Amino acid sequence: MALVDVKGVSKRFGGLTAVSDVDLTVNAGEVHCLIGPNGAGKSTLFKLIVGLYPPTGGSILFDSVDITNERPYARVQRGMSIKMQAPSVFKELPVRQNIQIALQERLSGAERSAEEDRLLTLLDLAQDSDKLAGALSHGQQQWLEIGMALALQPQLLLLDEPTAGMSPEETFKTGELIKSFNAEGMTVLVVEHDMAFVRQVAQRVTVLHLGKIFARGDLETILQDEKVADIYLGQSHAH
Amino acid sequence: MFKLLDGPQTLGRGKIFWSCFLAVLAGALIYPVFADSYDVGNFSYFLIWIFMALGLCLMWGYGGMLSFGQTFFFGIAGYGYGVLAINMGGGTTTIAAIILSVLIAMAAAAVLGYFMIWGGISGIFFGIVTLSATLVLAFFLGQTAGPEWHIGTARLNGFNGMKGMDPLAVGDFYIEGSALYYVMIALIVIVYIALRMLVNSSVGNVIVATRENPQRAEMLGYDVRKYQLLTFVIGSGLAGLSGALYTSWGQFITPSSIGLPAAAMPIVWVAFSGRSDLTATLVGSFLLLFGFQTITVYSQQAALVLMGTLLLATVMLAPQGFVLGIGKLVVDWWTRRRRREPAPTLADAGRLQSDET
């Protein structure tokens, strides 16, 4: 069953067509990776899905409801949760308060405190919970933002390059974290460059090129597609 | 409730702080017993302006919205009180006039705020639009000297100012002198406690989050526009409370209490005090008003130059605010003394937490 259904979506910036007549389906319960070379339109498509850009044409359905003209907060209230490419946290607030702000609509009192502790421990941030979020390392800020996204207990987790700036160990750990939440039923859509990470988490892959869908399928099929290898992965990856 | 009073958005927590708070309050309550009526009246006058400063602190320091429109709402409620008190008669109706005039100011804030916030105006443009509204109101009221400019029996009177309204009263008892002073103290305590509870509540969390990163706040499911509008209406309503009380206190109001020099004053008070904390704003604004009044007796120009100098010094030396910076310095000094570490400078303590606005 499709949780997200993108139908014929386009986005033009003046004379530049960043996304052109794209159809994309993300099924409930899957980890779906959106890949492509630089300038392929991945981040633009991501921003169209989360509501940061209004599309020039087409429609976006979430759980069979047309959300094309809804603002990001309304999409979040429907069950989306979003992590942007650059760490986007409340830098002048303590780490714990960042998590608290994400949790406070769902939980209160002792339940909320317990969930704060659980998430901080899960993200290895418990010992830094009183620090200002801006004082964390880049990788820790990425995790904090992922933690804030997870705190909403979304149906759909949207991640734009979640491992940018992370060490290989941190990247692997992030992948395991995503897989564990997926195992509990969470649908995940990831925009990512790191093919090792994509191999670790992806169940289905869509390749964008020059603003259009170039290929789609399971990861092994994509990796064996020579045209994909030519435009993006490089022959060495394909074999 | 105590958790909200002692929450993370406000400096000054714990037993020592609240003991000092109670001691200062007790001192304020017994002050009229020892002071002469002139000084008590002066203190009431200083306290009138504190509401406007606290409102700006909420909007600017907590919400990240630099409003230059505090005297716009001050003027609306001030003139509103005059018009209502003159038309409704004196006595207890002045209480209704105060409440209604503040509500009118809040309604005006809701309309102006809606168009600005839903229109996507933010940052420095928020200040420019609110300043423009302020100057337009001051200019408009300045040309209302003719007899045709009246609302009911209340004449606006242009630059001569509106007069003839009764002061605050209950029945035949006029709330003046010490009585007004105690009303001011009670209102200040109520507003201060209510604002502390607001900023430390879950709503306050979102207000601060919106200041820090509005896009992130929206992506946590909050319609940040509603929180910004709420903050703007409350902050502007407090400016309205100052305006209504001012007119009631002096029984007059003129356009000069709205214009550019007046509009700049709350910015100076709050910037000097420390915009990111209610207590620092309360203390700093009171001290500045006291100092301004004292110097004005000798030279109004000197007082204005001093205000400008203080604003420059704040920007250069302690951008987070002098009162807040000194407060943090004292706390740091005490903590480092116990750990035997070198003390920081005022500039270190006064570093900006956020330079969004």
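Note that the structure is a prediction, hence the values are computed from the model and not measured.

Novice: Just to check I follow, could you spell out the overall build of chain B for this structure?
Specialist: Scanning chain B from terminus to terminus reveals 15 helices and six strands. Its C-alpha atoms give chain B a radius of gyration of 20 Å, within 12% of the compact-globule value 21 Å for 357 residues. If you line up chain B on its principal axes, its C-alpha atoms span 70 × 55 × 40 Å. Going through the 357 residues of chain B one by one, you find that 46% of them count as buried. Taking the contacts inside chain B whose residues are at least 6 apart along the sequence as the reference set, 77% of them involve residues at least 24 apart.

Novice: What's the story with the overall build of chain A in this structure? I'm lost.
Specialist: Helix and strand content of chain A: 10 helices and 10 strands. Computed over the C-alpha atoms, the radius of gyration of chain A is 18 Å, within 12% of the 18 Å expected from 2.2 N^0.38 for a compact globule of 239 residues. Projected onto its principal axes, the C-alpha coordinates of chain A cover approximately 50 × 40 × 35 Å. In chain A, buried positions account for 45% of the 239 residues. Contacts in chain A between residues at least 24 apart in sequence constitute 63% of all its contacts with a sequence separation of at least 6.

Novice: I'm lost on unusual backbone geometry in this one. Help?
Specialist: Residue and element names in this part refer to chain A. Positive phi outside glycine occurs at Glu161, with the angle close to 45 degrees. The residue Glu161 is located in the loop between β7 (156-160) and α6 (168-183) in this model. With a phi close to 50 degrees, Leu210 is a non-glycine residue in the positive phi region. Locating Leu210 in the fold gives a position in the loop between β9 (204-209) and β10 (212-217).

Novice: Is there a simple way to explain the pairing of strand β2 (residues 16-27) of chain A in this structure?
Specialist: Each regular strand displays side chains that alternate between the two surfaces of the sheet. Where strand β1 (residues 2-13) of chain A and β2(A) come together, eight bridges link them in antiparallel fashion. Bridged to Ala2(A) within β2(A) is Asn27(A).

Novice: In this structure, what is going on with the nonpolar core? I would like to understand it.
Specialist: If you look at soluble globular proteins, the nonpolar side chains tend to sit buried side by side. Judged by nonpolar contacts, the single largest core of 161 residues is most densely connected at Leu158(A), Leu54(B), Ala77(B) and Ala105(B). The greatest single-element share of this core, amounting to 16 residues, is contributed by helix α3 (residues 37-62) of chain B.

Novice: I tried to follow the packing of helix α2 (residues 14-34) of chain B against helix α7 (residues 177-199) of chain B on my own but got confused; where do I start?
Specialist: Angle between the axes and distance between the axes: these two values describe a pair of packed helices. All names here are of chain B. It is the contact of α2 with α7, at a shortest axis distance of 9 Å, that shows an interaxial angle of 165 degrees. Relative to α7, the element α2 lies roughly antiparallel. Seen along the crossing, α2 lies across α7 with a hand that is left-handed. The residues of α7 that touch α2, namely those facing Leu25, Ala28, Leu29 and Pro32, are Ser178, Tyr181, Ile185 and Val189. Classifying every residue of the contact of α2 with α7 by side-chain character gives seven nonpolar, one polar and no charged.

Novice: Quick question: what am I supposed to make of the pairing of strand β3 (residues 31-35) of chain A here?
Specialist: All names here are of chain A. In terms of burial, β3 is largely enclosed, as five of its five residues are buried. What you see with β3 is no split at all: Val31, Cys33 and Ile35 on one side and His32 and Leu34 on the other are buried throughout. Where β3 lies against strand β8 (residues 187-191), four bridges are found, and the strand directions are parallel. Bridging across to β8, Val31 finds its partner in Val188. Relative to β9, β3 is paired through four bridges, and the arrangement is parallel. Bridge assignment links His32 to a residue of β9, and that residue is Arg204.

Novice: What exactly am I supposed to notice about the confidence of the model for chain B here?
Specialist: Low pLDDT marks regions whose predicted coordinates should not be analysed in detail. All names here are of chain B. Confidence along chain B averages 90 in pLDDT terms, with 94% of residues attaining 70 or more. A low-confidence stretch, residues 350-357 stays under pLDDT 50, and its non-local contacts, those more than four residues away or across chains, total 21 contacts. This prediction of the complex comes with two scores: 0.90 for pTM and 0.90 for ipTM.

Novice: Explanation requested: the sheet that holds β3(A) in the structure shown.
Specialist: Strands belonging to one sheet form pairs held by backbone hydrogen bonds; the direction of such a pair is parallel or antiparallel. Residues and elements named next belong to chain A. Read from one edge to the other, the open sheet built from six strands follows the order β6-β7-β8-β3-β9-β10, with strand pairing classed as mixed. Edge positions in the sheet fall to β6 (80-83) and β10, since each of these pairs with one other strand and no more. Between one strand axis and the next, the sheet turns by 15 degrees as a mean value, whatever way the strands run. Here β6 pairs with β7 via four bridges, running parallel. Among the inter-strand pairings, Ile82 is bridged to a residue of β7, identified as Leu158. Contacting β3, β6, β7, β8 and β9, helix α1 (residues 42-50) runs over the sheet at an angle of about 145 degrees to β7.

Novice: Can you help me understand the environment of Arg12(A) in this one?
Specialist: All names here are of chain A. Here Arg12 lies in strand β1. Counting along the chain gives 130 residues from Arg12 to Gln142, while the straight-line C-alpha distance between them is 30 Å. Not counting residues up to four positions away in its chain, the partners in contact with Arg12 are Thr17 and Thr56.

Novice: Explanation requested: the packing of helix α11 (residues 260-273) of chain B against helix α13 (residues 300-317) of chain B in the structure shown.
Specialist: Residue and element names in this part refer to chain B. One can describe the packing of α11 onto α13 by two numbers: an axis separation of 10 Å at closest approach and a directional angle of 40 degrees. What the angle tells us is that α11 and α13 run oblique. Considering how the two elements wind past one another, α11 and α13 form a crossing that is left-handed. Seen from α11, the contacting residues are Pro261, Val268, Ala271 and Phe272; seen from α13, they are Leu304, Met307, Leu310, Leu311 and Thr314.

Basis of the calculations
- Per chain, the residues get numbers from 1 upward, laid out in the order the sequence is written.
- By the order in which they are written, chains take letters starting at A while ligands take numbers starting at 1.
- Local features are withheld for residues below a pLDDT of 70 in this predicted model, meaning they are given only at 70 or higher, and side-chain atom pairs are given and counted only at 80 or more; totals for whole chains, interfaces and linings count all residues.
- Only runs of H or I of at least four residues qualify as helices and only runs of E of at least two qualify as strands under DSSP, and these elements are numbered from the N terminus.
- Only C-alpha atoms enter the radius of gyration; for comparison, a globular chain is expected to reach 2.2 Å times N to the power 0.38, where N is the number of residues.
- Exposure classification rests on a simple neighbour count of other C-beta atoms within 10 Å of a residue's own: a residue reaching 20 or more is buried, one at 12 or fewer is exposed, and one in between is partly exposed. C-beta atoms are placed from the backbone.
- Contacts are defined on C-beta atoms placed from the backbone: any two residues whose C-beta positions lie within 7 Å are in contact.
- Any two strands with at least two DSSP bridges between them are considered paired.
- Note on definitions: a nonpolar core is a set of buried residues drawn from Ala, Val, Leu, Ile, Met, Phe, Trp, Tyr and Cys, linked by C-beta atoms within 7 Å.
- To obtain an axis, a line is fitted to C-alpha atoms, over the contacting stretch when the element is a helix, and the angle between two such axes runs from 0 to 180 degrees between their N-to-C directions.
- When describing relative orientation, an angle under 35 degrees is termed roughly parallel and one over 145 degrees roughly antiparallel, while 65 to 115 degrees is termed roughly perpendicular and anything else oblique.
- Crossing chirality is assigned from the near helix's rotation relative to the far helix, an anticlockwise turn below a right angle marking it left-handed and a clockwise turn marking it right-handed.
- The residue classification treats Ala, Val, Leu, Ile, Met, Phe, Trp, Tyr, Cys and Pro as nonpolar and Asp, Glu, Lys and Arg as charged. All others, Gly included, are polar.
- Per residue, pLDDT captures the predictor's confidence, and it can take any value from 0 to 100.

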